[in-house]
Structures are given as structure tokens and as C-alpha cells.
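Report on the structure
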Amino acid sequence: MKGRLIFLLVVCFIISSVTGRTRTREDKRKKEDEKSKEPVKTDPLNICNLQSERHLNIYCYCDTPEWQNATDANCWLFNQGEPQTSQVWPAFKSQKHLTKLTFHIRVVSSLGYVPTKALRQLPHLKTVEIVYANIETVEPYAFANLTLLQDLALARNNIIHLKRFAISLLPDLKVITLGENKIAELQREVFVSLPSLRKLYMDRNNLSVIHDGAFSHLYSLEELELHGNQLTGLVALRRLDLSNNNLNMLGDGTFQEMPALEELLVEKNVLEFLNPGALRGINALTRLSLAGNKLTSLPVGLLDDKYHLRYLNLRENHLRTLTYANMAPVLQNMANSSSYLIIDAKCVVDWQNELQGIHDDQKIKYVPHIAAKRALHILIGRSLLSSHDQRFGIAPVAHRSLAFAIPS
């Protein structure tokens, strides 16, 4: 009896031990299962250190890879690129002190949108460039609130549409480059709240329609480049008045979409520079006024092919000398009594050596009260007016003349 009792106790002990060990193993398994279900904790992405992120189709070269320490990043997209929902765009907050950011898109890759989610993380950006993307549409406020942005370069991105307010709310922006895209129509209110914008380049697009007021919000604009478009609506334009703006230069081919232009007024701006090809393509021009600017010289070639020019007003500039090279293309067609070259008395006409072949009887005559100023009609001749003669209008009579306005 005693032996049977001992046997039962031993059996119960063994069963209890096995059960305990089984429960222990099951508890361990449960804990392991629960851990496996928990999200794996990883370090946050640093866009300047993506070597180990082989699943991403973007790589950025930065001036330093350290967290929150880079100021310049060049990012390349390859393969299929990254979707708008990609985790990499919010990760740009890892380098929120960037001041310059460039996106390059490889030929076999694509970027079909402005990466606004990335740009929003970078409040210190001053320069943004995207090149070789396929951004068909720039959406409203795509770059909004980058309050320090100064230079926005979007050339060669196959852009077709600019939505209202596409480029707006950028108080420091000075330059926009949209050249070599496919923009066909420019709506109103695309460029809004850009008080510092000085230069806008939209050359080599497909522009055929520019809506009234498209540039009405650009109060500080000094340079507008539109060459190489399809602006056929201006082919019959005969008179253009750009006076009293803030233009400081005229670039190559600025008016070439206006071949019928006969009168061009660019008075009272702040012009300091004229490209030699600024008037290229407007060979019907008869009247040109550049009065009231800051020109110190005329580039050689500016007046090439202007065979019909009869009136040229250069008063109130900083011109000191007009050379034969400046004026040679138009001297013959201006050599008659109805032509006028108007300059300040301080400007020296330096043509003497180049005009030795002109006859002696082609001298100079004085005609008073032209355009409420005293004027001198100057023939193309050897004799040049001295500063004393210019001041007092002393000159012999002649038959063929140019006109020089002299302040009263």
C-alpha cells in the first residue's frame, strides 16, 4: 500500500513538471509572437546618407552627410523614380538647413510632379532647380511659403500647364527660368505675390496665347524673355510703348516676334545694357526712342539692317560719345531734312575721321524750336560741331542733315 502511494506521488510530480515546462515554452512563444508583430524600430532617413536604402530610386550628394548639417544637395532620380507618397519626401526634414537643392532626372527615369512635400521641409532654401523631369502641370502653390527662395529654375521639364497661383507667395524670389518647356498658354494669376521678381525667362516654349494681365502682378519685373515661341498675334503690331517701366536691359531678339513694328518707345526706364541683337527682326522700324535711361554707350550692331529708321532719340542718358561704328548702318537713310537724331549737348559725335569722302558743301544748319527745344540739323560732313557751337547753335547752312536736340 505504501509503495503504491509513493508511485502515485512520483507520477504526479512527473506530470506536473512536464506541464510546467510546456506552459513555460508556450509563454515564451506567445511573447516572441507578440514581439514579431510589433513594428521594427529603425533610424529615421537622412537624405544625405541613403547608401543602405537600396529600395529607393533616389540618391543625394550633399556637401556633408551629417544630420541637419548640409546646405547644398544634388539629388538624382533613377529607374522608376519615386511616387508622391514615397517616404523619402518627408525625410527631407533631416536636412532642413539646405539653401540649395537640385533634382536631376535620368533619361530612363521620371518625375511627373513638383516634389512639394520635400520642399515644405526646407524653409531656408534660396535656390531650387529641377531639370529633365516630365512635369506636365505645375499645380497651385507648388512652391508656396519658401519665403527665402531667390532663384527658381525649371527649364527643360516638359511643362505644359501652369495653374493659377502655380508660382506665388515667394517674397524674395528674383529669377524664374521656365525656358525650353512646352507651355502654350499663359493664364492670368500664375505669378502672384512676387514683389522682388526681376527676371522671367519663358523662351523656347510653345506660347501662342498670353492672357491680358498675365504679368500685371509683377511690379518689379525688369527682364522678360519670350523669344522662340509661337506668338503670331503680334505680327501686325506697328507701335509698342514700353515707357515708364523698370526695364534695365533688352536681350537678344526681344522684339523679333513683331516684324511689322515701326515705332518703338522705351523711354524713362532704367536701361543700362542693350544686347547688340536687341532690335533683330524689326527691320521696318522708322522711329526709336531710348530717351531717359542710363545708357553709357550703344553697342555696335544694334542698328544693323534698320534701313527705314528716320528718328532716333537718345536724350537724357549718360552717353558721352557716338562713334561712326554705332551709326554707320543708318547714316544714309537719316541724311535728309526730315530725319532726327536727338542727343544731349554733352555727347560727342566722333565721326570726323570716317567721313573724309563727304563733299565740303554738306555742312550744318540750325533749325530752332523743334519739339520745344533748340535743335541743330547736322549734315554728314567733315566739320563737327564744337561744344561751343552746339551750345549756341552757330553753324553754316547745308542741304542734307541730321538733327541734334540741344537743351534750351
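Residues numbered from 1 in each chain as written. Predicted model: local features only at pLDDT ≥ 70, side-chain atom pairs only at ≥ 80, totals over all residues. Heavy atoms only, no water.

With an unreviewed UniProt entry as reference, the protein is termed Connectin, source organism Nezara viridula.

Things to note about the pattern of salt bridges
The criterion, for reference: Definition used for salt bridges: Asp or Glu carboxyl oxygen within 4 Å of a side-chain nitrogen of Lys or Arg. In this text, helices come from DSSP runs of H or I with a minimum length of four residues, and strands from runs of E with a minimum of two, each type numbered from the N-terminal end. To sort residues, take the accessible area from a 1.4 Å probe on protein chains only and compare it with the maximum for the residue type: under 20% means buried, over 50% means exposed, and anything in between is partly exposed.
In total, this model carries twelve salt bridges according to the counting rule given. A salt bridge links E180 to R204, with the nearest nitrogen and oxygen atoms 3.8 Å apart. Placement of E180 in the loop between β9 (175-177) and β10 (185-186) and of R204 in the loop between β12 (199-201) and β13 (209-210) is noted, with a sequence separation of 24 residues between them. Taking the relative accessible area as the measure of exposure, E180 reaches 33% and is therefore partly exposed. Look at R204 and you get partly exposed, because its relative accessible area is 44%.

Some thoughts on the sheet that holds β12
Definition in use: Strand pairing is assigned whenever DSSP identifies at least 2 bridges connecting the two strands. To obtain an axis, a line is fitted to C-alpha atoms, over the contacting stretch when the element is a helix, and the angle between two such axes runs from 0 to 180 degrees between their N-to-C directions.
Pairing within the open sheet is mixed, and its eight strands lie in the order β1-β2-β3-β4-β6-β9-β12-β14. For this open sheet the edge positions go to β1 (58-62) and β14 (223-225), each flanked by a neighbour on one side alone. Sheet twist, expressed as the average angle between the axes of neighbouring strands with direction ignored, equals 5°. Here strand β6 (residues 151-153) runs beside β9; their pairing, made up of three bridges, is parallel. By the bridge assignment for β9, L152 is matched with I176.

Examining the nonpolar core
Note the cut-off: Here, nonpolar core refers to any group of buried Ala, Val, Leu, Ile, Met, Phe, Trp, Tyr and Cys residues whose side-chain atoms link them within 4.5 Å. Residue contacts are defined here by distance: any two heavy atoms, one from each residue, within 4.5 Å place the two residues in contact.
With 59 residues, the main nonpolar core has I58, F92, F143, L162, I167 and F191 as its most contacted residues. For this core, the elements supplying multiple residues, two or more each, are β1, β2 (72-77), β3 (100-105), α2 (116-119) and β4 (127-131). If near-sequence neighbours (up to four positions away) are discounted, I58 is found in contact with L50, C75, W76, L77, F78, E82, V88, W89, F92 and F103. Residues L240, M258, L312 and I343 belong to the second largest nonpolar core, which totals 33 residues.

Section: the pairing of β3
Taken across its six residues, β3 has five buried, putting it largely inside the fold. Judged from the six bridges that link them, β2 and β3 form a sheet pairing that is parallel. Its bridge partner being in β3, W76 is matched across the sheet by H104. Bridge count between β3 and β4: five bridges; the pairing is parallel.

Thoughts on the pairing of β4
By the bridge criterion, three bridges tie β4 to β6 in an arrangement that is parallel. Within the sheet, the bridge partner assigned to T127 lies in β6 and is D151.

Focus on the sheet that holds strand β19 (residues 287-289)
If you trace the five strands from one edge of the open sheet to the other, you get β15-β17-β19-β20-β22, paired in parallel fashion. Every other strand in the sheet has two partners, leaving β15 (239-241) and β22 (340-342) as the edge strands with one partner each. Neighbouring strand axes in the sheet, compared pairwise and without regard to direction, differ in orientation by 5° on average. Where β15 meets strand β17 (residues 263-265), three bridges bridge the pair, whose relative direction is parallel. Bridge pairing links L240 to L264 in β17.

Side note on the packing of aromatic side chains
Applicable threshold: Note on aromatic pairs: the rings of Phe, Tyr and Trp (six-membered ring only in Trp) are paired at centre separations within 6.5 Å, and the planes decide the class, stacked below 30 degrees, edge-to-face beyond 60, tilted for the rest. Charge-over-ring contacts are defined here by two conditions on Lys NZ or Arg CZ: a distance within 6 Å of the ring centre and an angle within 35 degrees of the ring normal.
Inspection of every chain in the model, using the stated rule, returns six aromatic pairs. Taking 5.5 Å as the distance between ring centres and 5° as the angle between the ring planes, the aromatic pair formed by Y141 and F165 counts as stacked. You can see Y141 sitting in the loop between β5 (137-138) and β6 and its partner F165 sitting in the loop between β7 (161-162) and β8 (167-168), a full 24 residues away along the chain. Three or more aromatic residues link up through ring pairs in this structure, and these residues are W89, F92, F103 and Y113. The aromatic ring of Y311 is capped on one face by R287, whose charged end is 4.0 Å from the ring centroid.

As for the side chain of H104
Tracing the sequence through the fold places H104 in strand β3. The class of H104 is buried, set by a relative accessible area of 18%. For H104, the residues in contact, after removing those within four places along its chain, are N74, C75, W76, L77 and V131.

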